[in-house]
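Examining the three-dimensional arrangement
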Amino acid sequence: MQSNEILKLVQESNLFKAHPWHGIELWSNQSKNILNVYIEIVPENRVKYELDKNTGYLKVDRPQKFSNIIPSLYGFLPMTYSKEESAKLAGDLLQRDNLIGDEDPIDICVLTDRNIRHGDILLEAIPIGGFRMIDHGEVDDKIIAVLKDDATYGHMTEVSDVPVNVIESLRHYFLTYKEIPKETGVSKVEITEVYGQKKALDVIKAGSVDYQTHFKK
């Protein structure tokens, strides 16, 4: 049986829970740029949750020791991966040949005015931009999206439509969430660009290509 036949069997069966990374399609409606998104953590969380890649269950990664709290819904895009194509895309744009993919699904922040209290959920979102983030030499883009049909953010199509303070809050979180108080030294996390929807779609496409290359079998 071919892999696509197995995937279809699992998706159509009520006997199995689809793996959030491997068992859910990336696009809900690609012609309208509507993504399927798996949410791991929400702003209320004081614990960082992360998908266990082997089992597909959400697990405790670590307690949030300090005051940095994610200011949006946060998760990843199914059937994406950051590897060679993702590294090449960032490397070509930044003219750096020493970058590598972080070997994780593509991360995504979803803006909404709704109070969604827990992760381990699926939702539909539309990408409007992102951060080109390099973490210790690894490409770790953060796509920015809006929840489909959201009353406050749903009409926005570009990151430039979002209030500046919202983007700056997200930027500050990602630049500081790994820092430990009283430790000195230069941060190894850098955001080299805040980009719009077109570049976000390029990042998603590269992540999809990397996934197909490494996991299609």
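Predicted, not measured: the structure shown is a model, and the values here were computed from it. Think of each chain on its own: its residues are numbered from 1, step by step along the sequence as written. Totals for whole chains, interfaces and linings use every residue, but because this is a predicted model, local features are given only for residues with pLDDT of at least 70 and side-chain atom pairs only at 80 or more, for both listing and counting. Here the side-chain values reflect all heavy atoms present in the structure, with hydrogen atoms and water set aside.

A word on the overall build of the chain. On a plain count of helices and strands, the chain comes out with four helices and 11 strands. For the chain, buried positions account for 45% of its 217 residues. The contact definition used throughout considers only heavy atoms, calling two residues in contact when any of these lie within 4.5 Å. In the chain, once contacts between residues fewer than 6 apart in sequence are set aside, the share between residues at least 24 apart is 72%. Every accessible area reported is derived by Shrake-Rupley at a probe size of 1.4 Å, with residue values counting cover from the shown protein chains alone. Total accessible area on the chain stands at roughly 11,900 Å², and carbon and sulfur atoms take up 50% of it. In DSSP terms, a helix is any run of H or I states spanning at least four residues, a strand is any run of E spanning at least two, and both are numbered starting from the N terminus. Between buried and exposed lies partly exposed: a residue is buried under 20% and exposed over 50% of the maximum accessible area for its type, with that area taken using a 1.4 Å probe on protein chains only.

Expected helix span is given by 1.5 Å per residue-to-residue step, counting one fewer step than there are residues. The terminal C-alpha atoms of helix α4 (residues 197–215), which comprises 19 residues, lie 26 Å apart, in line with the 27 Å expected from a rise of 1.5 Å per residue. Of the residues making up α4, those classed as buried are Q197, A200, V203, I204, A206, G207, D210 and Y211. The inward-facing, buried residues of α4 abut β1 (27–29), β2 (34–41), α2 (84–94), β8 (121–135), β10 (142–147) and β11 (189–196).

With phi around 55 degrees, Q95 is a residue other than glycine that occupies positive phi space. Mapped onto the elements of the fold, Q95 is located in the loop between α2 and β6 (100–101). The exposure class of Q95 is exposed, given its relative accessible area of 75%. The phi dihedral of H136 is positive, around 55 degrees, even though this residue is not glycine. Considering the arrangement of structural elements, one finds H136 in the loop between β8 and β9 (138–139).

Looking at the secondary structure, you find S82 in the loop between β5 (73–76) and α2. Residue classification places S82 among the buried positions, given a relative accessible area of 3%. In contact with S82, other than residues within four places in its own chain, are G101, D102, E103, D104, I106, V139 and D210.

With that settled, the discussion passes to the nonpolar core. Residues belong to one nonpolar core when they are buried, are Ala, Val, Leu, Ile, Met, Phe, Trp, Tyr or Cys, and are joined through side-chain atoms within 4.5 Å. Counting 24 residues, the largest nonpolar core has L111, F131, I144, Y153, V162, L170 and F174 as the members making the most contacts within it. Among the secondary structure elements, those contributing two or more residues to this core are β2, β7 (107–111), β8, β10, α3 (164–176) and β11. Looking at this core element by element, the count peaks at five residues for α3. Not counting residues within four places of it along the chain, the set of residues in contact with I144 comprises C109, L111, P127, I128, G129, G130, F131, V159, I167 and L170. Of all hydrophobic cores here, the second largest spans 20 residues; its members include L35, I108, L147 and A200.

To continue, consider the pattern of salt bridges. Here, a salt bridge means any side-chain nitrogen of Lys or Arg that lies within 4 Å of a carboxyl oxygen of Asp or Glu. Under the definition given, this model contains 18 salt bridges. Across the pair K59 and D52 runs a salt bridge whose closest N-O atoms are separated by 3.8 Å. The class of K59 is partly exposed, set by a relative accessible area of 37%. Given a relative accessible area of 18%, D52 falls into the buried group. Of the charged contacts in the structure, one is a salt bridge between E168 and R171, with a shortest N-O distance of 3.3 Å. Separated by three residues within a single helix, E168 and R171 lie in helix α3, roughly one turn from each other. When salt bridges that share partners are traced, they join R132, D141, E193 and K199 into one network.

Everything listed here is a matter of coordinates, which is why it stays silent on function.
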